[in-house]
Amino acid sequence: PPLVSLRQVSKRFANGTLALQGMSLDCGEHDFISFLGPSGCGKSTALRLIAGLTRSSSGEIAWSRTNSGASTSDRELGFVFQEPTLMPWAKVFDNVWLPLKLAGMSRDAAAPVVTQVLEMVGLSRFADVYPRELSGGMKMRVSIARALVTRPRLLLMDEPFAALDEMTRIKLNNDLLSIWREHRFSVIFVTHSVYESVYLSNRIVVMAPRPGRVVDEIRIDEPYPRG
Ligand code: ADP
Ligand code: ADP
């Protein structure tokens, strides 16, 4: 069964803007889906609806059940924004620990997992530095580690690399793909870059604005040569 299903989901904001109209989508296990389209086509709105950060005006968003019978919820979702939104007063380690801390896990208990995700994103040697000492690309790596530390089944990324220079962006795209291949979570990746969507995803959901809506879906079964 799909991890999450959208059925005819629409979002109209209080000011009357129809940001998203009638979106339907099944996101399966180990999918890497891109939402591709120009500014204003509802990509962020769709992602925020899936994340539960905003409520739909109509339609249905259904999560698959986990083994424990619980609905997929917070801890099974990771979210990465374009701004890394790190706590400046906390070391890299403590920034990544935060979601586990909020779930009641002590620093010691969380240490093995935090260490492991820092390794995953290539930041093993930076656990004890503060965010201000890091480049933009490295801050983004911290943000990805923080999103993955709870081992979510679905990682939502809202134009994560758009503010980075091209070399950094290419490197992050490569590394994100390797991590995704190895760890088998699903990804929904918002971008207005055709390059990124083709390089990264196995499904491209093409969207258009006014009103925001899906106009096509492209499946890439034999993906672009990866790695
Ligand atoms: P994208 O991520 O593709 O750039 P958005 O989902 O951010 O698109 O926005 C889709 C449309 O909804 C745009 O016209 C945008 O201005 C509008 N919109 C987004 N957020 C709000 C809001 N909080 N209130 C009113 N309109 C909004
Ligand atoms: P992005 O394109 O990176 O998604 P936006 O500029 O579309 O960023 O949106 C930034 C924030 O402003 C979002 O929280 C969005 O919901 C809100 N927003 C966007 N457009 C409008 C709007 N027309 N009216 C009110 N809020 C908006």
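Residue positions are counted from 1 within each chain, in the order its sequence is given. All chains are assigned letters beginning at A, and all ligands numbers beginning at 1, according to the order in which they are written. In view of the model being predicted, local features appear only for residues whose pLDDT reaches at least 70, and side-chain atom pairs are presented and counted only at 80 or more, with totals across whole chains, interfaces and linings using the full set of residues. Calculated side-chain values reflect all of the structure's heavy atoms, with hydrogen atoms and water omitted.

Novice: Describe the sheet that holds strand β2 (residues 18-27), listing the residues and the values that go with them.
Specialist: Pairing is antiparallel across the open sheet formed by three strands, whose spatial order is β2-β1-β4. Each having just a single partner strand, β2 and β4 (58-63) make up the two edges of the open sheet. Taking the axes of each pair of neighbouring strands and ignoring which way they run, one obtains an average angle of 15° across the sheet. In terms of strand pairing, strand β1 (residues 4-12) meets β4 through five bridges, oriented antiparallel. When the bridges of β4 are listed, Arg7 appears paired with Glu60. The strands touched by helix α1 (residues 43-51) are β1, β2 and β4; relative to β2, the strand with the most contacts, the crossing angle is about 60°. Strands pair, by our definition, only if DSSP identifies at least two bridges between them. To qualify as a helix, a DSSP run of H or I must reach at least 4 residues; to qualify as a strand, a run of E must reach at least 2; elements of each kind are numbered from the N terminus. The axes used here are C-alpha line fits, helices contributing only the stretch in contact, and every angle between their N-to-C directions lies in the interval 0 to 180 degrees. We call two residues in contact whenever any of their non-hydrogen atoms come within 4.5 Å of each other.

Novice: Describe the site of ligand 1, listing the residues and the values that go with them.
Specialist: Taken together, the residues surrounding ligand 1 are Phe13, Asn15, Thr17, Ala19, Pro38, Ser39, Gly40, Cys41, Gly42, Lys43, Ser44 and Thr45. In this structure, an oxygen atom belonging to ligand 1 sits 3.1 Å away from a main-chain N or O atom of Cys41. Side-chain polar atom of Ser44 to an oxygen atom of ligand 1: 2.8 Å apart, as the coordinates give it. Protein contact buries 63% of the 560 Å² of open area that ligand 1 shows by itself. Of all the elements, α1 adds the most residues to the shell around ligand 1, at three residues. The residue inventory of the shell around ligand 1, partitioned by class, reads four nonpolar, seven polar and one charged. For this description, a residue counts as near a given molecule or strand if any of its non-hydrogen atoms is within 4 Å of it. Pairs of N or O atoms are called polar contacts if they sit within 3.5 Å, as long as, within protein, a hydrogen donor faces a hydrogen acceptor (for residues adjacent in sequence, only side-chain-to-side-chain pairs). Only the protein chains shown count as cover for residues, and the accessible areas themselves come from Shrake-Rupley with a 1.4 Å probe. Polarity classes work like this: nonpolar for Ala, Val, Leu, Ile, Met, Phe, Trp, Tyr, Cys and Pro, charged for Asp, Glu, Lys and Arg, and polar for all others, with Gly in that last group.

Novice: Quick rundown of the state of the cysteines? Include the residues and the values.
Specialist: The disulfide definition used here is simple: a pair of cysteine sulfur atoms within 2.5 Å. Under the counting rule described, the total for this entry stands at zero disulfides. The thiol of Cys27 is not disulfide-bonded; the next cysteine sulfur, from Cys41, is found 18 Å away. For Cys27, a relative accessible area of 0% translates into the label buried. We call a residue buried when its accessible area falls under 20% of the maximum for its residue type, exposed when it is over 50%, and partly exposed in between, using a 1.4 Å probe and counting protein chains only. The buried category is assigned to Cys41, whose relative accessible area is 0%.

Novice: Explain the packing of aromatic side chains residue by residue, including any values.
Specialist: What counts as a ring pair is set by centres within 6.5 Å for rings of Phe, Tyr and Trp (its six-membered ring), and what kind of pair is set by the plane angle: stacked under 30 degrees, edge-to-face over 60, tilted for all other angles. Tallying each qualifying case throughout the model produces five aromatic pairs. Here Phe79 and Phe81 contribute two aromatic rings whose centre-to-centre distance is 4.3 Å and whose plane-to-plane angle is 25°, an arrangement assigned as stacked. You can call Phe81 partly exposed: its relative accessible area is 32%. Between Tyr195 and Tyr199 the ring centres are 5.9 Å apart and the planes differ by 5°, which places this aromatic pair in the stacked class. Of this pair, Tyr195 and Tyr199 both sit in helix α6 (residues 194-200), four residues apart, which is roughly one turn of that helix. Residue classification places Tyr195 among the partly exposed positions, given a relative accessible area of 43%. Within the aromatic cluster, the residues linked to one another by ring pairs are Phe32, Phe161, Trp180 and Phe189.

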